[in-house]
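What follows is the residue order along each chain.
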Amino acid sequence: MGKVLTDEEREKRMAEDIWLNYFNRYLFENGTISEKEYKKMTEKIAVRKAKRSPEMELG
């Protein structure tokens, strides 16, 4: 059973995910990374988020 997250910790983690997705999209749209790399990183960000989901840690 994981620790209960504070609102501040949840907010920080959400901000991290938003920035990661933003930069990933920016790199793709500006031709720095390929579509394949973009999709792979999007998946990794989603997995990262799922592994530390606040809903799972509250249980």
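These numbers come from a predicted model, not from an experiment. (Residues numbered from 1 in each chain as written. Predicted model: local features only at pLDDT ≥ 70, side-chain atom pairs only at ≥ 80, totals over all residues. Heavy atoms only, no water.)

Undergrad: I would appreciate a short explanation of helix 1 (residues 7-29) in the present structure.
TA: Because each turn of an α-helix spans 3.6 residues, side chains separated by three or four positions end up pointing in the same direction. For helix 1, which comprises 23 residues, the first-to-last C-alpha distance of 33 Å matches the rise-based estimate of 33 Å (1.5 Å per residue) to within 8%. G31 occupies a position one or two residues after helix 1 and carries a positive phi of about 75°. (Helix = DSSP H or I, 4+ residues; strand = E, 2+ residues; numbered from the N terminus. Expected span 1.5 Å × (residues − 1).)

Undergrad: Sorry if this is basic, but what is going on with a nonpolar patch on the surface here?
TA: A cluster of nonpolar side chains, namely W19, Y22, F23, Y26 and L27, defines an oily patch on the protein surface of about 520 Å² accessible area. Here Y26 lies in helix 1. (Patch = residues over 30% accessible without salt bridge, like charges linked within 9 Å, V, L, I, M, F, W, Y side chains within 5 Å. Areas by Shrake-Rupley, 256 points an atom, 1.4 Å probe, with all protein chains shown as cover. Salt bridge = Lys/Arg side-chain N within 4 Å of Asp/Glu carboxyl O.)

Undergrad: How should the side chain of N24 be read in this particular structure?
TA: Tracing the backbone shows N24 in helix 1. Under the relative-accessibility criterion, N24 is labelled buried at 4%. Residue contacts for N24: discarding those within four places in its chain leaves I33, Y38, M41, T42 and I45. (Buried < 20%, exposed > 50% of the residue type's maximum accessible area, 1.4 Å probe, protein only. Contact = heavy atoms within 4.5 Å.)

Undergrad: It is not clear to me how the pattern of salt bridges should be interpreted in this structure. Could you clarify?
TA: Pairs can form between side chains of opposite charge whenever their charged atoms are close. In the structure shown here, the tally under the stated rule is five salt bridges. The salt bridge involving R10 is made with D7; its shortest N-O contact spans 3.0 Å. Taken as a pair, R10 and D7 lie in helix 1 at a separation of three residues, close to a single helical turn. Each of the salt bridges in this network shares a partner with another, and the network as a whole consists of E16, D17 and R48.

Undergrad: Even after reading the chapter, I still don't get the side chain of D17, so can you show me in this structure?
TA: Within the secondary structure, D17 is located in helix 1. Within the local environment of D17, its side chain forms a polar contact with the side chain of R48, the two groups lying 2.8 Å apart. When residues no more than four places from it in sequence are discounted, the contact partners of D17 are I45, R48, K49 and R52. (Polar contact = N/O pair within 3.5 Å; in protein donor to acceptor, adjacent residues only side chain to side chain.)

Undergrad: Looking at this structure, how should I read the packing of aromatic side chains?
TA: Each aromatic ring pair is specified by the distance between its two centres and by the angle formed by the two planes. A full pass over the atoms with the stated rule returns five aromatic pairs. A connected cluster of aromatic rings, assembled from ring pairs, spans W19, Y22, F23 and Y26. (Phe/Tyr/Trp six-rings, centres within 6.5 Å; stacked < 30°, edge-to-face > 60°.)

Undergrad: I keep staring at the packing of helix 1 against helix 2 (residues 35-51) and nothing clicks. Help me out?
TA: In a packed pair of helices, the relevant descriptors are the angle between the two axes and the axis-to-axis distance. At a closest axis distance of 9 Å, the pairing of helix 1 and helix 2 adopts a crossing angle of 175°. Accordingly, the angle class assigned to the pair helix 1 and helix 2 is roughly antiparallel. Only E35, Y38, M41, T42, I45, R48 and K49 of helix 2 make contact with helix 1, whose side of the interface consists of E16, D17, L20, N21, N24, R25 and F28. Taken together, the residues of the contact of helix 1 with helix 2 break down into five nonpolar, three polar and six charged. (Axes fitted to C-alpha atoms, helices over the stretch in contact; angles between N-to-C directions. Parallel < 35°, antiparallel > 145°, perpendicular 65-115°, else oblique. Nonpolar A, V, L, I, M, F, W, Y, C, P; charged D, E, K, R; others polar.)

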